[in-house]
Amino acid sequence: MRDLLTGGPFRLRYPYDDPIERLRAQVLVVLAGLTSLTWLLPVFAVVLALFADEAVLSGETLVLLVGPVASLAVYFAVQTGRLLEASLLTVFALINFSLFALNLDGVNSAGMLLVALTLIITAILLDWRGFLATGLVLLLGIFLIALGQYETAQAMLDDDLATMLLNYVSIMGLLLAFNASTRQFVRQSLESLDQLRAIGRFNDDKLESDETAVYLRLIRTLRTRLGFRFVQVFLVNAQGLPDRRVRTGLGFSDQISTTSVTVGERSVLTRAARERKSLQSSRLSEEPQRTHLLPSANYAVAVPVIIDGQTVAVIDIQDNNQPFTSGQVEALNVLASQSAAALRAVRTIRDMRASLISQEITITNMRARLRESRQDGQSGDESAWFGYLEHRGDEAFGFDLHTDAPEGQTFTPARDLPDPVRKALARGDVVTDSDGDQPLMLVPIRLKDEVLGAMVLRLAPGAQITDRQLETARSVAGRLALALENKRLYEQSQSQAARERQASEVGNLLLTATDVDTVLNLAADSFNEALGSIRTRIYVEPDMLSSPAARDDDTQPETASQPVETDGG
């Protein structure tokens, strides 16, 4: 049934923005359409009668002819966006039809029922002012018709006309009260619905990068979408006191300012922050609770913004017309929750970015340290092997393994660097080559990323080198590199131990001396022996000793003016 009354010819074509106007327009379209269809048959009959009898048009005939025309006029007015004109035309037509019916049949129950229907339709189409004017016009019309119907006032009373008029006035009063309260309720409901829609779209916008941008969007939403003229936000410190105020410039400026403020303990802003609930204040509130009110504002509400049970801000909204309704306060609480969610998201993203930056710094430092460690390891390995070879007195050394000697396998020291070995050292990986018909396998000896040397393996003439042989050669070369490193470390530790032992012996010997001359002479002799030097000279401060010693292998200490030195033989 609803689809039938809202589709086809009854479909509303003009896009009314106001829901109440849209409802009125739909009622008028249906009413005009049904009226036109209802009067179509009587009008057709009247037209036939006029053409058949050539009768003169009467008042009833004119009403029947004018009714459909008025309905069509109302229909087209509504469909073209002229709702007010259509409503006034409809009410005017209903008033005339009702009074015409009363004048035709007299004031009776059926006529008063038609009048009551006119009042109900008027209550739907017009506001309380239009309804009151319509009711008074109908009341005046009923009274004038009744004066012509009854000769005396007593006759009117005897016919219960006074009772019908009293019932009419009662119905009119009820409809007037219903019209005013319903419209106010509907308006408030629609405003609350619009506010909730605006609040629902609060977090649909792009996510801000900082908290100040969230407060800016909050203030702009309260001003532009919810219609509050004065809005500011107070930031709350750890003690629960608002200590900073955030506000924008006049109009729709994006310039936001933050200033330090002092808010009292008994202020409604402080109470809202600590009690974590919305509180209202007005000019009638106590002095400490209304000190934040602007000179032009009469009412205010403080709404806390709570994150994880902690109040981080208080929204201060002021108005100079009327107190805030419970629906408005509830909508503001929802908006505060949305703001808290946006602030929490900003803080989470900020913490994640800080953590990411910290992790990136840590990773960068670790990479740098790893790179330095590798470089130190490489340079350490290089310097260690360079020192080892230098200690041996060689730049390089090697051995040739002979398996075809009469006495069996023999190792022959080698000091040269053949070309195949050079190739293996240059490539750093296994290289295959040949010497005539004899295949060669050149395998580098690698320790970590450094090439320590190379092996040259000669295979039987005509032999084929397989991948398995290459892999085995790599594995053997790796084990050989570890063995060489272990041998070097062992020799190094042995040498270090010998040096420590020798140093300890020298130290113990020096501790047995009883005077400075003896200590210096023993030190000179010990250094000659320990270090293999041929001459040792020890310098001391001139004022420290009266007779410092200088010693050669075959001489006595020199005079005090000379440094202490010893020649080793």
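Up top is the structure.
Residues numbered from 1 in each chain as written. Predicted model: local features only at pLDDT ≥ 70, side-chain atom pairs only at ≥ 80, totals over all residues. Heavy atoms only, no water.

Undergrad: So what's going on with the packing of helix α4 (residues 83-105) against helix α6 (residues 128-149)? Residues and values would help.
TA: Running from N to C, α4 and α6 point in directions that differ by 15°, and their axes come no closer than 10 Å. Between α4 and α6, the angle is such that the two are roughly parallel. The handedness of the crossing between α4 and α6 is right-handed. Together, Val91, Ile95, Leu99, Leu102 and Asn103 of α4 and Thr134, Val137, Leu138, Gly141, Ile142 and Ile145 of α6 make up the contact between the two elements. Of the residues assigned to the contact of α4 with α6, the class counts are eight nonpolar, three polar and no charged. (Axes fitted to C-alpha atoms, helices over the stretch in contact; angles between N-to-C directions. Helix = DSSP H or I, 4+ residues; strand = E, 2+ residues; numbered from the N terminus. Parallel < 35°, antiparallel > 145°, perpendicular 65-115°, else oblique. Left-handed = near helix turned anticlockwise from the far one by under 90°. Contact = heavy atoms within 4.5 Å. Nonpolar A, V, L, I, M, F, W, Y, C, P; charged D, E, K, R; others polar.)

Undergrad: Residue-level account of the pattern of salt bridges, with values.
TA: Taken as a whole, this structure holds eleven salt bridges when the rule is applied. For the salt bridge of arginine 344 with aspartate 308, the shortest nitrogen-to-oxygen distance reads 3.7 Å. Here arginine 344, found in helix α11 (residues 326-392), pairs with aspartate 308, found in the loop between β5 (299-307) and β6 (310-319); they are 36 residues apart in sequence, far enough to count as distant. Classification of aspartate 308 by relative accessible area gives exposed; the value is 67%. A salt bridge links glutamate 471 to arginine 474, with the nearest nitrogen and oxygen atoms 3.5 Å apart. Taken together, the positions of glutamate 471 and arginine 474, both in helix α13 (residues 467-511) and three residues apart, correspond to about one turn of that helix. Each of Glu211, Arg347 and Arg350 takes part in salt bridges that share partners, so that together they form one network. (Salt bridge = Lys/Arg side-chain N within 4 Å of Asp/Glu carboxyl O. Buried < 20%, exposed > 50% of the residue type's maximum accessible area, 1.4 Å probe, protein only.)

Undergrad: Quick rundown of unusual backbone geometry? Include the residues and the values.
TA: With phi around 55°, arginine 276 is a residue other than glycine that occupies positive phi space. If you check the backbone angles, aspartate 308 has positive phi at about 55° while not being a glycine.

Undergrad: An account of helix α9 (residues 211-225) is needed here, citing residue identities and associated values.
TA: For α9, spanning 15 residues, the distance from its first C-alpha to its last is 20 Å, which sits close to the expected 21 Å at 1.5 Å a residue. Residues of α9 that are buried: Glu211, Val214, Tyr215, Leu216, Arg217, Leu218, Ile219, Thr221, Leu222 and Arg223. With a side-chain oxygen lying 3.3 Å from the backbone nitrogen of threonine 212, the N-terminal cap of α9 falls on aspartate 210. A positive phi of about 80° marks glycine 227, the residue just after α9. (Expected span 1.5 Å × (residues − 1). Polar contact = N/O pair within 3.5 Å; in protein donor to acceptor, adjacent residues only side chain to side chain.)

Undergrad: Give me the packing of α4 against helix α5 (residues 109-125): which residues, what numbers.
TA: Relative orientation of the contacting elements α4 and α5 amounts to 170°, with a least axis distance of 9 Å. In terms of their interaxial angle, α4 and α5 are classed as roughly antiparallel. For the pair formed by α4 and α5, the contact residues are Ser87, Thr90, Val91, Leu94, Ile95, Phe97, Ser98, Ala101 and Leu102 on the first element and Gly111, Met112, Leu114, Val115, Thr118, Ile121, Thr122 and Leu125 on the second. In terms of residue class, the contact of α4 with α5 is built from eleven nonpolar, six polar and no charged.

Undergrad: Got a sec to walk through the sheet that holds β5? Specific residues and values, please.
TA: Within the open sheet, the six strands sit side by side as β3-β2-β1-β6-β5-β4. Their pairing is antiparallel. The two strands at the open ends of the sheet, each matched to only one other strand, are β3 (256-260) and β4 (279-282). Sheet twist, expressed as the mean angle between neighbouring strand axes with direction ignored, is 25°. The sheet contact formed by strand β1 (residues 230-236) and strand β2 (residues 242-248) spans four bridges and is antiparallel. Residue pairing for β2: valine 236 is matched across the bridge by proline 242. The strands that α9 touches are β1, β2, β3 and β6; relative to β1, the one it contacts most, it runs at about 150°. Strands in contact with helix α10 (residues 268-275) are β1, β2, β4, β5 and β6; relative to β4, the strand with the most contacts, it is inclined by about 170°. (Pairing = 2+ DSSP bridges.)

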